[in-house]
2 protein chains.
Amino acid sequence: MKQVAIGIDIGGTNTIFGIVDKNGDFISRGSIKTETHPDHTIFMSTLCEAVKKMINESEAGFEVVGIGVGAPNGNYYNGTIEFAPNLNFKGVVPVVDFIKGKFDFEVVVLTNDANAAAMGEMIYGGAKGMRDFIMITLGTGVGSGIVVNGEMVYGHDGFAGELGHVIAVPEGRKCGCGRKGCLETYTSANGIKRTVFELLANTIEHSELRNISYNELSSKMIDEAAKRGDIIAKEAFDYTGKILGEKLADAIAHTSPEAIFLFGGLAQAGNVIFEPTKRYMENSLLNIYKNKVKLLPSELPPGDAAILGASALVWSEEENIQHL
Amino acid sequence: MKQVAIGIDIGGTNTIFGIVDKNGDFISRGSIKTETHPDHTIFMSTLCEAVKKMINESEAGFEVVGIGVGAPNGNYYNGTIEFAPNLNFKGVVPVVDFIKGKFDFEVVVLTNDANAAAMGEMIYGGAKGMRDFIMITLGTGVGSGIVVNGEMVYGHDGFAGELGHVIAVPEGRKCGCGRKGCLETYTSANGIKRTVFELLANTIEHSELRNISYNELSSKMIDEAAKRGDIIAKEAFDYTGKILGEKLADAIAHTSPEAIFLFGGLAQAGNVIFEPTKRYMENSLLNIYKNKVKLLPSELPPGDAAILGASALVWSEEENIQHL
């Protein structure tokens, strides 16, 4: 019988899920609202019922191996979401225990969304067969998943791989985490907006972006302006690439990966972000690492990446169990 | 029969070696000069003969499992020393192949000296039983060995863990690697000397260190002056701890270790370096990591650490082979 995995991505607004086979092909999909459930017990009940319904309504002929969940502040070891600032439910949510109470699957596993994306890249995407790579997610914030010796790096507490919060600029921009100068204040969708506004303040160049308010401006608009040749927009991407490239060079000195994958809205801007990032990264690398590390776009389809990543956790975990 | 491992530490001046049992107790020791051998073939021959002599002259009653070698720029995957700036012999030295040609042991393995030190800490020292930790060697330079999921992180090319060359101060001090602002230009024995001279230049404080030339000054003298209350010496340690603590906070965001061990001359200064490093590290950490990561002195005896580390490679490798 065909084996399939269920992937669940818990986001601040919506929670999406799907049944996925080993090739990454979808058999079924579903979603529920996250934000309308301030109580996590009701949310988890609603979620489990919706997933059961999806399974029951799908055509038969497959065996569900397990459920993988990607969530902000998801802790792999504890199977819990812990104090996620972007979710309505507060404190510690015992996601894995709850799901195990409702389903009888061998594998139920949870991690944070960036780790899940890295796992998706390894099982279905461009990192197939790689043993050492880093996934960087450039979204509203900046996340990362680090793979070493073919295994996800969780660290001793399940929270490894927070490259969005390495210090890019000492005493730099105020970050949501309460500190200053974190990478994500420069290289997230919001970070590049901040860079545009800094450039608009510090230069006298003409720019179409001078007509747009801070709240209106999106990274997509900056991308489009850059492609039309807008000097400020282009400079904003160059500066973003500089900060990102320099910190990737430091990350390489930690785990020396074969490749670094960029994922998320900013990564979709293509060459306008990849070219400067690669250039500054190579420029900043210690000699022994130069011209060795590939900087690649994620090969996961953007809309499906979160569910794919979550489902990939199941295959990876199943393999670990078989090796024991 | 008692199993033993041979550890060899290749240094710029001397190469030292010993026979070590599983508890880290020495059965025998030896050494040869490194620097008098500009030709690596002659050096390797001399070394292998000296090791053979040591084995033959030791009392019988043990079985040698293998040879582990720690060396600057040692590459684990290739078994080679590659372009080591501090060794007389240039280019690529095929150490493992050479030793395999002279001895018939199951395990012959090589890595760089900081990785070997980390392995020594895991097998014989304070990291026994830890699955995630980082070893930082504060010597003439700064090296590091990173352990994740109980395995040394070598990266895709064998050169992972060069934390001495993450950028601590953008556009900072000139480094021997050709770049600027590397951690080792601030937190090595030489780095703290540079800090003292910067402080002597920028302040008007009285200091006993004003009587000592750059070439005369050692980190041990700075340590002694600090312990006598010299303000400049104390400030130099505080600054060193600041730079080190901040970069350790970034390293923690990569692999989230249970502990970080400090080893080498500067680490032996004790509280005068540990206190500020710990303080600045905690100050710089992302919330989820605060008050979790131990900062510990290495438990390896300084004089024997290099041989112990090299011999530890053998036990670790033997275990890997048995798991295959």
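All values reported here derive from a predicted model rather than from experimental measurement.

*Asks:* Honestly, the pattern of salt bridges in this entry has me stumped. Any pointers?
*Replies:* When the charged atoms of two side chains with opposite charge come close together, those side chains can pair. Residues and elements named next belong to chain A. By the definition in use, this model includes 30 salt bridges over all chains. Ionic pairing is found between Asp 304 and Arg 29, a salt bridge with its closest N-O pair at 2.7 Å. Here Asp 304 is found in the loop between strand 13 (294-297) and helix 9 (305-323), whereas its partner Arg 29 is found in strand 3 (residues 26-33), with 275 residues between them in sequence. Take Asp 304: its relative accessible area is 18%, and that puts it in the buried class.

*Asks:* Would you explain the sheet that holds strand 3 of chain A in this entry?
*Replies:* Strands belonging to one sheet form pairs held by backbone hydrogen bonds; the direction of such a pair is parallel or antiparallel. Residue and element names in this part refer to chain A. Taken together, the five strands give an open sheet; going across it, the order is 3-2-1-4-8, and neighbouring strands pair in mixed fashion. Looking along the sheet, the strands with just one partner apiece sit at the ends: strand 3 and strand 8 (107-111). Recorded for the sheet is a direction-independent mean angle of 20 degrees between the axes of neighbouring strands. Note: strand 1 (residues 2-10) against strand 4 (residues 62-70), eight bridges, orientation parallel. Residue pairing for strand 4: Gln 3 is matched across the bridge by Glu 63. Where helix 1 (residues 40-57) meets the sheet, its contacts fall on strand 1, strand 2 (14-21) and strand 3, and the angle it forms with strand 2 comes to roughly 30 degrees. Sheet strands touched by helix 2 (residues 95-102): strand 4 and strand 8. Its angle to strand 8, the strand with the most contacts, is close to 155 degrees.

*Asks:* When you look at the relation of the copies chain B and chain A in this model, what are you seeing that I'm missing?
*Replies:* Relating one copy of the chain to the other takes a rotation about an axis and a shift parallel to that axis. Of the transformation superimposing chain B on chain A, the axial component is 0.0 Å and the angular component is 180 degrees, with the fit at an RMSD of 0.0 Å. These values place the two chain copies in the arrangement generated by a two-fold rotation axis. Interface residue correspondence from chain B to chain A reaches 100%, placing this contact among same-surface, isologous pairings.

*Asks:* What should I look at first to understand the nonpolar core in this one?
*Replies:* The tendency in soluble globular proteins is for nonpolar side chains to be buried side by side. Judged by nonpolar contacts, the single largest core of 100 residues is most densely connected at A:Ile136, A:Ile260, A:Leu262, B:Ile136, B:Phe237, B:Ile260 and B:Leu262. Among all residues touching B:Ile136, those that are not within four sequence positions of it are B:Val142, B:Gly143, B:Ser144, B:Leu163, B:Leu248, B:Ile260, B:Phe261, B:Leu262 and B:Phe263. Counting residues in each nonpolar core, the second largest holds 31 residues, with B:Val4, B:Leu47, B:Val69 and B:Val95 among its members.

*Asks:* How do you make sense of the environment of B:Phe62 when you look at a structure like this?
*Replies:* Residue and element names in this part refer to chain B. Here Phe 62 is to be found in strand 4 (residues 62-70). The buried category is assigned to Phe 62, whose relative accessible area is 15%. A sequence separation of 41 residues divides Phe 62 from Asp 21, and the C-alpha atoms of the two residues are 9.1 Å apart. Residues contacting Phe 62, with those up to four places away along its chain left out, are Met 1, Lys 2, Val 4, Ile 19 and Ile 27.

*Asks:* Please explain the interface of chain B and chain A as it appears in this structure.
*Replies:* Much of the literature gives interface size as the accessible area that the parts lose upon coming together. Residue-level contacts link 38 residues of chain B with 38 residues of chain A. The largest contributions to the chain B side of the interface with chain A come from B:His156, B:His254 and B:Leu286, which together make up 21% of the buried area. In this structure, A:Lys292 and B:Asp157 form a salt bridge, with 2.9 Å as the shortest nitrogen-oxygen distance. Counting across the interface, chain B meets chain A through 22 residue pairs in polar contact (both at pLDDT 80 or more). Secondary structure elements with two or more residues in the side of chain B that touches chain A: strand 10 (142-148), strand 11 (151-152) and helix 7 (231-255) of chain B. The element best represented in the side of chain B that touches chain A is helix 7 of chain B, accounting for six residues. Looking at side-chain class alone, the side of chain B that touches chain A contains 19 nonpolar, ten polar and nine charged residues.

*Asks:* What exactly am I supposed to notice about the side chain of B:Glu162 here?
*Replies:* Tracing the backbone through its elements, the reader meets B:Glu162 in the loop between strand 11 and helix 4 (184-187). At 8.3 Å, B:Arg179 is the nearest oppositely charged side chain to B:Glu162, a buried residue that forms no salt bridge.

*Asks:* Whenever I open this one, the packing of aromatic side chains confuses me. Can you help?
*Replies:* Two descriptors summarise a pair of aromatic rings, namely the distance from one centre to the other and the angle between the planes of the rings. Scanning the model with the defined rule gives 16 aromatic pairs over all chains in all. Judged by centre distance (3.8 Å) and plane angle (0 degrees), the ring pair of B:Tyr76 and B:Tyr154 falls under stacked. Of this pair, B:Tyr76 sits in the loop between strand 5 (74-75) and strand 6 (80-82) while B:Tyr154 sits in the loop between strand 11 and helix 4, and the two are 78 residues apart along the sequence. Accessibility assignment for this pair places B:Tyr76 and B:Tyr154 in one class, buried. Summarising the aromatic geometry, the rings of B:Phe133 and B:Phe261 are spaced 5.7 Å apart at their centres and angled 90 degrees between planes, so their arrangement reads as edge-to-face. Pair noted here: B:Phe133 is in strand 9 (residues 133-138) and B:Phe261 is in strand 12 (residues 259-263), with a separation of 128 residues, a long-range link. If you follow A:Arg29 out to its NZ or CZ, it ends over the ring of A:Phe26, 3.8 Å from the centre.

*Asks:* What am I meant to see in the domain arrangement of chain A here?
*Replies:* All names here are of chain A. Split by domain assignment, chain A resolves into domain 1 (2-124 + 302-323) and domain 2 (133-297). Placing the centre of domain 1 and that of domain 2 at their C-alpha centroids yields a distance of 28 Å. Contacts between domain 1 and domain 2 engage 18 residues on the former and 19 residues on the latter. Taken over both partners, the interface formed by domain 1 and domain 2 buries close to 1500 Å², and the fraction arising from carbon and sulfur atoms is 66%. Of all residues in domain 1, Tyr 77, Asn 115 and Glu 121 give up the largest surface area on contact with domain 2, accounting jointly for 31% of the area buried on that side.

*Asks:* Mind showing me how you'd approach the packing of helix 5 (residues 189-202) of chain B against helix 7 of chain B here?
*Replies:* Packed helix pairs are characterised by how far apart their axes lie and by the angle those axes make with each other. Residue and element names in this part refer to chain B. At their nearest, the axes of helix 5 and helix 7 sit 9 Å apart, and the two run at 125 degrees to each other. One way to sum up the angle between helix 5 and helix 7 is to call them oblique. Handedness of the helix 5/helix 7 crossing: right-handed. Residues Ile 192, Thr 195, Val 196, Leu 199 and Leu 200 of helix 5 form the contact with helix 7, whose participating residues are Ile 232, Glu 235, Ala 236, Phe 237, Tyr 239 and Thr 240. Tallied by class, residues from the contact of helix 5 with helix 7 come to eight nonpolar, two polar and one charged.

*Asks:* When you look at the environment of B:Asp157 in this model, what are you seeing that I'm missing?
*Replies:* For B:Asp157, the position within the fold is in the loop between strand 11 and helix 4. Look at B:Asp157 and you get buried, because its relative accessible area is 10%. Sequence spacing of B:Asp157 and B:Met44 is 113 residues, and the spatial spacing of their C-alpha atoms is 24 Å. Not counting residues within four places of it along the chain, the set of residues in contact with B:Asp157 comprises A:Ser256, A:Ile288, A:Tyr289, A:Lys292, B:Asn75 and B:Tyr77. A polar side-chain atom of B:Asp157 sits 2.5 Å from a polar atom in the side chain of A:Ser256.

Cut-off values and rules
- Residues numbered from 1 in each chain as written.
- Chains lettered and ligands numbered in written order.
- Predicted model: local features only at pLDDT ≥ 70, side-chain atom pairs only at ≥ 80, totals over all residues.
- Heavy atoms only, no water.
- Salt bridge = Lys/Arg side-chain N within 4 Å of Asp/Glu carboxyl O.
- Helix = DSSP H or I, 4+ residues; strand = E, 2+ residues; numbered from the N terminus.
- Buried < 20%, exposed > 50% of the residue type's maximum accessible area, 1.4 Å probe, protein only.
- Pairing = 2+ DSSP bridges.
- Axes fitted to C-alpha atoms, helices over the stretch in contact; angles between N-to-C directions.
- Contact = heavy atoms within 4.5 Å.
- Least-squares fit on C-alpha atoms with pLDDT ≥ 70 in both.
- Core = buried A, V, L, I, M, F, W, Y, C linked by side-chain atoms within 4.5 Å.
- Buried area = accessible area lost by both parts, 1.4 Å probe.
- Polar contact = N/O pair within 3.5 Å; in protein donor to acceptor, adjacent residues only side chain to side chain.
- Nonpolar A, V, L, I, M, F, W, Y, C, P; charged D, E, K, R; others polar.
- Lys, Arg positive; Asp, Glu negative; His and termini not counted.
- Phe/Tyr/Trp six-rings, centres within 6.5 Å; stacked < 30°, edge-to-face > 60°.
- Lys NZ or Arg CZ within 6 Å of the ring centre and 35° of its normal.
- Domains from an automatic or database assignment.
- Parallel < 35°, antiparallel > 145°, perpendicular 65-115°, else oblique.
- Left-handed = near helix turned anticlockwise from the far one by under 90°.

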